[in-house]
Amino acid sequence: MRPVMGGLLGRARQCLRDDYESDPYLPYVLGLAAVLAGFWFWHRIPNFATRDERWRILDPMVPVGLFAEDPGIESLLEGMQQGRTFGATFYVFGLALLPVFVVAFLTGQIDAFVALPEHGAVDLWALWNRTPRWIWTWSLVLGRLAVVAFAVGCVYVTYRIGTTMRDRATGRLAALLLSFTWGFLVLAHEVGEDVPALFFFLLVVYFALRYAETGDPALFLAGCACGGIAIAVKLTTVVVVPLLGIAYLLRIGNAGDDWLDALVQPRLLAVGAALGAGAVFVGFPSVVAGGLEPLVARIQRGTTGKTDPHGWRVEPTWWWFLRSYLNGMGLPLFVASVGSLVAGLPRMWERSTEADGYALALIGVASYFYLYANWAYIRTHHVLPTIPLLVLVLAAGLMRLTDAHETVGRAVVAVLLVTSGLYAGVGDVGYASQPRDEATDWLRTNAAANATVETYPNDPQEAAVPHGMEIYRPSNREATPGGAKGSAMEWLLAVEERCPDYVQLHYYESILALAPDDWSERARRLSGERRAQYVRDLLAEDTYPYRVAETFGPRPAFLDGEPRSAGLPELVEVGLFPRTIQYGDPQDVGVDQYTVILERDGQCGASAGSS
């Protein structure tokens, strides 16, 4: 096996060298991908872009802390079982964070990792605020740069698949279209599993296509190994299993008179299955440390936890699919991709590498549709693996069109590149002026060093405050002036007793309480006159000694009595404006980042009464 893998790595290096020498445009394509994926990658740092970004960063930190406190294999294995079972991202970002661990050790700050469980037991705010800022900053920088590298790798593998399917022009166009895909660029701007999983998923597609073309067993085994890694990184990439099965069948069809030899290969199938299963097993550190039970629990949580909308929109599955593709690709690219997929159906039965590539793409898309059929919500990152498959089919179709009708083909290509580039570019440039970053900068500039801020999210990722500020929040209300005050609502209404210097309101936790109940499932759950009246009184500036100092982000329509976009106009809007609300745990963009900062401009109740 070692000679086989070593031979594949040597062939991979030679292939990359040949591509660079044979295609003078390739370095520019990959350079463009790096620029777009890495543009303003430091947004929100030292805060997190998503909730899951925190857990991906913490996963390797906790074992380091436990090991530093009690060096030994037992503490290391215990640390590998801590937290949520995220799989092979533990290794990916553990390696990325290695310089942070080394610096912490050399500077005597390794205790910061030892203290993580203690801080986390208080609440998420304590975990973030009590850990040194430099640790979050450099961990996020290194983690995100690793994801950017994987993103460039995805673009190159897409180029390879397109080149194998048809020619280098097809590969270049597919790589460019993927680089101009907003959903792909969003996920390249966070520490997460989606882009690394996509990289290994695309490797499986490439090896499957090459195996169908050549029958080389090493390629099939490489596909099985990469498939196991992909599943270990993200469970939903289990779709690689039917893809490898289809490749096996395609090879039988392509083998001609040797079809029986291609069919009967028990050793190849057994070794491939062992490689894939082994990669999955080793890829989950909690499985290595504690057996199969954590993996079984992870699978159960992944399958049963998707039937609840979790407080977001309650819509049919088809609506979530359509919205996710429109938001991830933009309207023109999505329409063109669907049209190309349908138009290519008759070619599926041809005997050619291009037809094999089309078959793999179609089966891949169909498998994901089947996998998500019963989910209560689907977001862009769920359908990410299908997007390169769609753009590959589209690129091949456009090259055929160009061969048959050069002027028309070139015009369509130009329109798609321009419109997709604009859609993705507008979204990408938005990272330079995100409302929460602007709100954080405003507090850093205007608030005194000892200022206090009250805000109501339980997660600092949803807020916009500088690291190190004193925060009054409901998740640790016992530690605020006046104590817990009984219920959470009683604590909330006693803001004058705490008398913070600033109150910060956010869309998801506070402003949405003012929306009609039918605005979203989250709005219905937040409904309650006491909460809504409290937010309304703060904004009115006539009940509490606070004035609106600044607002950031697009103003929610319901504040002005306007209805929410619905039906076809809403979906079209999503396909034309990239930074729209995401409903859940992806990056908060659009109105989800709406932030209001109120500054105290008078004496609080207790102070006023004593003066």
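Placed above this text is the structure.
Fair warning: this is a prediction, and the values are worked out from it, not measured in the lab. (Residues numbered from 1 in each chain as written. Predicted model: local features only at pLDDT ≥ 70, side-chain atom pairs only at ≥ 80, totals over all residues. Heavy atoms only, no water.)

A few points about the overall build of the protein chain
We apply this condition: In this description a helix means any DSSP run of H or I spanning at least four residues, a strand means any run of E spanning at least two, and both kinds are numbered starting from the N terminus. When we talk radius of gyration, it's over C-alpha atoms, and the globule rule is simply 2.2 Å times the number of residues to the 0.38. When accessible area is computed with a 1.4 Å probe and restricted to protein chains, residues below 20% of their type maximum are described as buried, those above 50% as exposed, and intermediate ones as partly exposed. Every residue pair with non-hydrogen atoms within 4.5 Å of one another is taken to be in contact. The Shrake-Rupley method, run with a 1.4 Å probe, gives the accessible areas here. Residue values count only the displayed protein chains as cover.
Counting its secondary structure elements, the protein chain contains 32 helices and five strands. Relative to the globule expectation of 25 Å for 611 residues, the C-alpha radius of gyration of the protein chain, 26 Å, shows essentially globular dimensions. Principal-axis analysis of the C-alpha atoms gives the protein chain an extent of 100 × 60 × 40 Å. Across the 611 residues of the protein chain, 57% fall into the buried class. Restricting the contact set of the protein chain to residue pairs at least 6 apart, pairs at least 24 apart contribute 77%. Accessible area for the protein chain stands at about 24,900 Å²; split by element, carbon and sulfur atoms hold 61% of it.

Brief notes about the pattern of salt bridges
So the rule is basically this: Salt bridges are defined by distance alone: a side-chain nitrogen of Lys or Arg within 4 Å of a carboxyl oxygen of Asp or Glu.
Here the structure, examined in full by the defined rule, presents 29 salt bridges. For Glu354, the salt bridge goes to Arg347, with nearest N and O atoms at 3.9 Å. What makes Arg347 partly exposed here is its relative accessible area of 27%. A salt bridge links Arg444 to Asp441; its shortest N-O distance comes to 2.7 Å. Of this pair, Arg444 and Asp441 both sit in helix 26 (residues 435-446), three residues apart, which is roughly one turn of that helix. Look at Arg444 and you get partly exposed, because its relative accessible area is 41%. Each of the salt bridges in this network shares a partner with another, and the network as a whole consists of Arg166, Arg347, Glu350, Glu354, Arg400 and Asp403.

Here's the deal with the packing of aromatic side chains
Worth spelling out the cut-off: Pairing of aromatic rings covers Phe, Tyr and Trp, the last through its six-membered ring, and needs centres within 6.5 Å; plane angles under 30 degrees mean stacked, over 60 mean edge-to-face, and all others mean tilted. The rule is short: NZ of Lys or CZ of Arg within 6 Å of the ring centre and within 35 degrees of the ring normal puts a charge over the ring.
One pass over the full model with this rule turns up 29 aromatic pairs. Measuring from ring centre to ring centre gives 6.2 Å for Trp125 and Trp128, while their planes differ by 70°; the resulting arrangement is edge-to-face. Linking Trp125 with Trp128, this pair stays in helix 9 (residues 124-129), spanning three residues, or about one helical turn. Residues Trp125 and Trp128 agree in their burial class; the two are buried. Considering the side-chain rings of Tyr211 and Phe220, the 5.1 Å spacing of their centres and the 55° angle between planes classify their relative orientation as tilted. Residue classification places Phe220 among the buried residues on the basis of a relative accessible area of 6%. Each member of the aromatic cluster is reached from another via a ring pair, and the members are Phe201, Phe321, Tyr325, Phe334, Tyr368, Phe369, Tyr372 and Trp375. One residue, Arg54, lies across the ring of Trp55, its end atom 4.7 Å from the ring centre.

A closer look at the state of the cysteines
Filter applied, for reference: When two cysteine sulfur atoms lie within 2.5 Å, the pair is treated as a disulfide.
One pass over the structure, following the stated rule, counts one disulfide. Unpaired in this structure, Cys15 has its nearest cysteine sulfur neighbour in Cys226, at a distance of 14 Å. No disulfide involves Cys226; its nearest neighbouring cysteine sulfur is the one of Cys224, lying 9.6 Å away.

As for the environment of Arg166
Locating Arg166 in the fold gives a position in the loop between helix 10 (133-165) and helix 11 (168-179). Residues Arg166 and Ala439 lie 273 residues apart in sequence; the distance between their C-alpha atoms is 49 Å. Sequence-distant contacts of Arg166, defined by excluding residues within four places in its chain, comprise Glu354, Ala396, Met399, Arg400 and Asp403.

Looking at the environment of Ser75
Where we set the bar: Definition of a polar contact: a pair of N or O atoms within 3.5 Å, with one able to donate and the other able to accept a hydrogen when the atoms are protein atoms, and with sequence-neighbouring residues admitted only if both atoms are side-chain atoms.
Turning to its location among the elements, Ser75 is positioned in helix 4 (residues 73-80). Distance in space between the C-alpha atoms of Ser75 and Asn450 is 39 Å, their sequence separation being 375 residues. The contacts of Ser75, once residues within four sequence positions are left out, are Leu66, Phe67 and Asp70. From its side chain, Ser75 meets the backbone oxygen of Asp70 in a polar contact 2.6 Å long.

Some details on unusual backbone geometry
A cis amide bond links Ile45 with the next residue in sequence, Pro46, at an omega value of 10°. Within the secondary structure, Pro46 is located in the loop between helix 2 (26-38) and helix 3 (51-69). The residue Trp40 is not glycine, and still its phi comes out positive at about 55°. Mapped onto the elements of the fold, Trp40 is located in the loop between helix 2 and helix 3. Notably, Lys485 is not glycine yet its phi reads approximately 60°, a positive angle.

Some points on the sheet that holds strand 1 (residues 452-455)
Each strand in a sheet pairs with another by means of backbone hydrogen bonds, the pair being arranged parallel or else antiparallel. Rules: At least two DSSP bridges between two strands are required for those strands to pair. Lines fitted to the C-alpha atoms define the axes, with helices restricted to the stretch that makes contact. Angles between their N-to-C directions range from 0 to 180 degrees.
Strand order across the open sheet formed by five strands is 2-1-3-5-4, with mixed pairing between neighbours. Of all the strands in the sheet, just strand 2 (470-472) and strand 4 (546-552) have a single pairing partner and so form its edges. With direction set aside, neighbouring strand axes in the sheet form an average angle of 25°. In this structure, strand 3 (residues 502-506) lies alongside strand 5 (residues 595-600), joined through five bridges in antiparallel fashion. Of the residues in strand 5, the one forming a bridge with Val503 is Leu598. The sheet strands contacting helix 30 (residues 529-540) are strand 1, strand 3, strand 4 and strand 5, and the helix crosses strand 3 at an angle near 120°.

So, a negative patch on the surface
The test is simple: Note that patches include only residues with greater than 30% relative accessible area and no salt bridge, and the join distances are 9 Å for like charges and 5 Å for nonpolar side chains (Val, Leu, Ile, Met, Phe, Trp, Tyr). His is not counted, nor are the chain ends, whereas Lys and Arg count as positive and Asp and Glu as negative. By convention, the point assigned to a charge is CZ for Arg, NZ for Lys, CD for Glu and CG for Asp.
On the surface, Glu69, Asp70, Glu74, Glu78 and Asp111 cluster together into a patch of negative charge. Considering the arrangement of structural elements, one finds Glu69 in helix 3.

Let's talk about the nonpolar core
For clarity, the cut-off: Buried Ala, Val, Leu, Ile, Met, Phe, Trp, Tyr and Cys residues form a nonpolar core when they are joined through side-chain atoms within 4.5 Å.
Counting residues in hydrophobic clusters, the biggest one holds 191 residues, and the most contacted among them are Met61, Phe113, Ile161, Phe184, Phe201, Leu443 and Leu505. The greatest single-element share of this core, amounting to 17 residues, is contributed by helix 10.

Notes on helix 2
Note the threshold: The span one expects for a helix is its residue count, reduced by one, times 1.5 Å.
Taking 1.5 Å per residue as the helical rise, helix 2 with its 13 residues ought to reach 18 Å, and the 18 Å between its terminal C-alpha atoms agrees with that figure. Just beyond helix 2, the residue with positive phi is Trp40, at close to 55°.

Focus: the side chain of Asp588
By the element assignment, Asp588 lies in the loop between helix 31 (567-576) and strand 5. Setting aside chain neighbours within four positions, we find Asp588 in contact with Ala49, Gln434, Arg436, Gln461 and Gln593.

Some thoughts on helix 11
Note that an α-helix has 3.6 residues per turn; residues three or four places apart therefore point the same way. Helix length check: helix 11, at twelve residues, gives a terminal C-alpha distance of 16 Å against a target of 16 Å (1.5 Å per residue), a fit within 8%. Burial within helix 11 is extensive, with nine of its twelve residues counted as buried. As for helix 11, its buried residues are in contact with helix 2, helix 10, helix 12 (182-187), helix 21 (331-343), helix 24 (386-404) and helix 25 (406-429). Its side-chain oxygen at 3.3 Å from the backbone nitrogen of Ala169, Asp167 defines the N-terminal cap of helix 11.

So, a nonpolar patch on the surface
Side chains of Tyr91, Phe281, Val282, Val288, Leu292 and Val296 sit close together on the surface and give an oily, nonpolar patch of about 500 Å² of accessible area. For Phe281, the location among the structural elements is in helix 17 (residues 266-283). The exposure class of Phe281 is partly exposed, given its relative accessible area of 38%.

So, the pairing of strand 5
As paired strands, strand 4 and strand 5 are joined by six bridges and run antiparallel to one another. Bridging from a neighbouring strand, Thr551 pairs with Val596 of strand 5.

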